[in-house]
Amino acid sequence: PGYLFPQINLAAVYVQTERFDEAITQYEKILAHSPNIPGIHKNLGMLYSQQKNQNDKALEHFKQSLKLDEKQSEAQTLRGIIARLEGVIKGGGTP
């Protein structure tokens, strides 16, 4: 839909200006209407992991991104991040 690109751009501006909570909210709104966008899941995973230290939510979004597009250019990187986060969650360590 036509509203998608402005919403994605707004979320990117929030990230660039370090307004991470607002970026997360914006990305979540996008997924509420369009849940099958791998890049949005990847971006949310990065925000939850790096900015909020919510590895369980990050892992969920990274896995969903990969599930939606297993051949995306960053697929191998995502697999590594997923493996690392799974180890952190199971072991209670830090990423």
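You'll find the structure just up there.
Here we summarise the structure given alongside this text. Counting restarts for each chain: residues are numbered from 1 in the order of the written sequence. Only residues with pLDDT of at least 70 get local features here, since the model is predicted, and only at 80 or more are side-chain atom pairs given and counted; chain-wide, interface and lining totals rely on the full set of residues. Each side-chain value is derived from all of the structure's non-hydrogen atoms; neither hydrogens nor water enter the calculation.

## Some thoughts on the overall build of the protein chain
Here's step 1: A run of DSSP states H or I qualifies as a helix once it reaches four residues; a run of E qualifies as a strand once it reaches two. Both are numbered from the N-terminal end. In terms of helices and strands, the protein chain carries five helices and zero strands.
Here's step 2: Along the protein chain, helices and strands appear, N-terminal first, in the series α-α-α-α-α.
Here's step 3: Here the C-alpha radius of gyration of the protein chain, 13 Å, is about what a compact globule of 95 residues would show, namely 12 Å.
Here's step 4: C-alpha atoms of the protein chain, sized along the principal axes, occupy 40 × 30 × 20 Å.
Here's step 5: Using a 1.4 Å probe on the protein chains alone, a residue whose accessible area is under 20% of its type maximum counts as buried, one over 50% counts as exposed, and one in between counts as partly exposed. Counting across all 95 residues of the protein chain, residues that qualify as buried make up 37%.
Here's step 6: Partitioning the intrachain contacts of the protein chain with sequence separation of at least 6 by distance along the chain shows that 37% fall at a separation of at least 24. Based on C-alpha atoms, the radius of gyration is set beside the globule rule, defined as 2.2 Å times the residue count to the power 0.38. In this analysis, two residues are considered to be in contact whenever any of their non-hydrogen atoms come within 4.5 Å of each other.

## Details of the packing of helix H4 (residues 55-68) against helix H5 (residues 75-91)
Here's step 1: Lines fitted to C-alpha atoms define the axes here, with helix axes fitted over just the stretch in contact, and angles between the N-to-C directions of these axes take values from 0 to 180 degrees. Where H4 contacts H5, the axes come no closer than 10 Å and their chain directions differ by 150 degrees. Classified by the angle between their axes, H4 and H5 sit roughly antiparallel to one another. Considering only the axes of H4 and H5, their crossing is left-handed. Between H4 and H5, the residues in contact are Asn-55, Asp-56, Ala-58, Leu-59, Phe-62, Lys-63, Ser-65 and Leu-66 and Ala-75, Leu-78, Arg-79, Ile-81, Ile-82, Leu-85, Glu-86, Val-88 and Ile-89, respectively.
Here's step 2: Asp, Glu, Lys and Arg are counted as charged, while Ala, Val, Leu, Ile, Met, Phe, Trp, Tyr, Cys and Pro are counted as nonpolar; the rest, among them Gly, fall into the polar class. Residues belonging to the contact of H4 with H5 are distributed by class as follows: eleven nonpolar, two polar and four charged. Angle categories are assigned with fixed cut-offs, so that under 35 degrees is roughly parallel, over 145 is roughly antiparallel, 65 to 115 is roughly perpendicular, and the rest are oblique. Should the near helix be turned anticlockwise from the far one by less than a right angle, the crossing is termed left-handed; should it be turned clockwise, right-handed.

## Let's talk about the packing of helix H3 (residues 38-51) against H4
Here's step 1: Here H3 crosses H4 at 160 degrees, and the two axes come no closer than 7 Å. Regarding the angle of H3 to H4, the classification is roughly antiparallel. Crossing handedness for the pair H3 and H4: left-handed. Contacts between H3 and H4 involve Pro-38, His-41, Lys-42, Leu-44, Gly-45, Met-46, Tyr-48 and Ser-49 from the first element and Asn-55, Lys-57, Ala-58, His-61, Phe-62, Gln-64, Ser-65 and Leu-68 from the second.

Read these as geometric descriptors, not functional statements.
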